[in-house]
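Descriptive analysis of the structure
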Amino acid sequence: MRTHLLKTLDGWGERLLHLLRYNDGGFINRPLFALPVPHTWEHVPGITLLGDAAHLMPPLGLGANLAMLDGTELATALVTEPDVDDAVRAYESIMLPVRPRPPGSARKDSKTSCPRRAPRRRCDR
Ligand SMILES: Cc1cc2nc3c(=O)[nH]c(=O)nc-3n(C[C@H](O)[C@H](O)[C@H](O)COP(=O)(O)OP(=O)(O)OC[C@H]3O[C@@H](n4cnc5c(N)ncnc54)[C@H](O)[C@@H]3O)c2cc1C
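Notes on the overall build of the protein chain
Per the secondary structure count, the protein chain includes seven helices and zero strands. Walking the protein chain from its N terminus toward its C terminus, one meets helices and strands in the order α-α-α-α-α-α-α. Pairs at least 24 apart in sequence give 60% of the contacts found in the protein chain among residues at least 6 apart. By element, 61% of the accessible surface of the protein chain is carried by carbon and sulfur atoms, the whole surface being about 9000 Å².

Points about the environment of Leu5
Mapped onto the secondary structure, Leu5 falls in helix H1 (residues 2-8). The exposure class assigned to Leu5 is partly exposed, which follows from its relative accessible area of 22%. Sequence separation of Leu5 and Leu20 is 15 residues, and the distance between their C-alpha atoms is 7.5 Å. Once you skip the residues sitting within four places of it in the chain, Leu5 turns out to touch Leu20 and Phe27.

Some remarks on the pattern of salt bridges
Considering all chains together, one arrives at two salt bridges under this definition. Glu14 is the partner of Arg21 in a salt bridge, and the nearest nitrogen-oxygen pair spans 3.0 Å. Judged by relative accessible area, Glu14 falls into the partly exposed class, the value being 42%. Between Asp85 and Arg89 there is a salt bridge; the shortest N-O distance is 3.6 Å. Of the two residues, Asp85 and Arg89 are both situated in helix H5 (residues 84-98); the distance of four residues between them amounts to about one turn of the helix.

What about helix H4 (residues 63-80)?
Taking 1.5 Å per residue, 18 residues should reach 26 Å; H4 reaches 26 Å between its end C-alpha atoms and fits that length. Of the positions making up H4, those classed as buried are Leu66, Asp70, Glu73, Leu74 and Ala77. On an axial view of H4, the arc spanned by its buried residues comes to 95°, and they lie on one face. Away from the buried face of H4 by more than 90 degrees, exposed residues Ala64, Met68 and Val79 are located.

Some details on the site of the ligand
As a matter of local geometry, the ligand sits amid Gly51, Asp52, Pro59, Gly61, Leu62, Gly63, Ala64, Asn65 and Ala67. Within the side chain of Asp52, an N or O atom sits 2.6 Å from an oxygen atom of the ligand. Between the ligand and Asn65, the relevant distance is 3.4 Å, taken from an oxygen atom to a side-chain nitrogen or oxygen of the residue. Burial of the ligand by the protein chains amounts to 28% of its free accessible area of 1000 Å². Looking at the shell around the ligand element by element, the count peaks at four residues for H4.

Thresholds, definitions, all that
Residues numbered from 1 in each chain as written. Predicted model: local features only at pLDDT ≥ 70, side-chain atom pairs only at ≥ 80, totals over all residues. Heavy atoms only, no water. Helix = DSSP H or I, 4+ residues; strand = E, 2+ residues; numbered from the N terminus. Contact = heavy atoms within 4.5 Å. Areas by Shrake-Rupley, 256 points an atom, 1.4 Å probe, with all protein chains shown as cover. Buried < 20%, exposed > 50% of the residue type's maximum accessible area, 1.4 Å probe, protein only. Salt bridge = Lys/Arg side-chain N within 4 Å of Asp/Glu carboxyl O. Expected span 1.5 Å × (residues − 1). Arc of directions from axis to C-beta. Near = heavy atom within 4 Å. Polar contact = N/O pair within 3.5 Å; in protein donor to acceptor, adjacent residues only side chain to side chain.

Here it is as structure tokens:
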């Protein structure tokens, strides 16, 4: 695995490569998962999804932001709508049309976020 990673990441920043060359632990496979896009559902009274449960995607720096935005919108709906079901409907009417991304974009992003040749400066930060 070490040999494979060093070959794959040849040209990346020295500080990153140092970690790969000299760490004394084993390599643990931690797969990344993404929900299909667009991901939607039929409304169920009083139940909804937010954050990764609603739109899990590869770690591209968006997930925590979306989870917080979802939480804010659901909380706002809960204090402004007359009951829980109206709040869930209001939240889903805002969240569902906005969050799904074009088909394939998450998969494409996951490839482009790990370029074979990453700029050295970025990796050395
Ligand atoms: C390697 C990596 C890097 C990332 N980097 C970024 C980044 O730079 N910027 C960014 O914005 N996002 C990033 N993300 C994504 C971000 O971490 C997630 O999108 C965000 O944490 C989603 O929040 P969440 O509350 O929806 O889910 P989670 O944070 O996963 O919270 C779900 C919680 O539910 C708990 N749980 C699960 N099942 C049960 C159960 N049955 N009963 C009770 N509790 C349960 C879990 O233990 C967990 O605490 C990254 C993710 C990964 C994996």
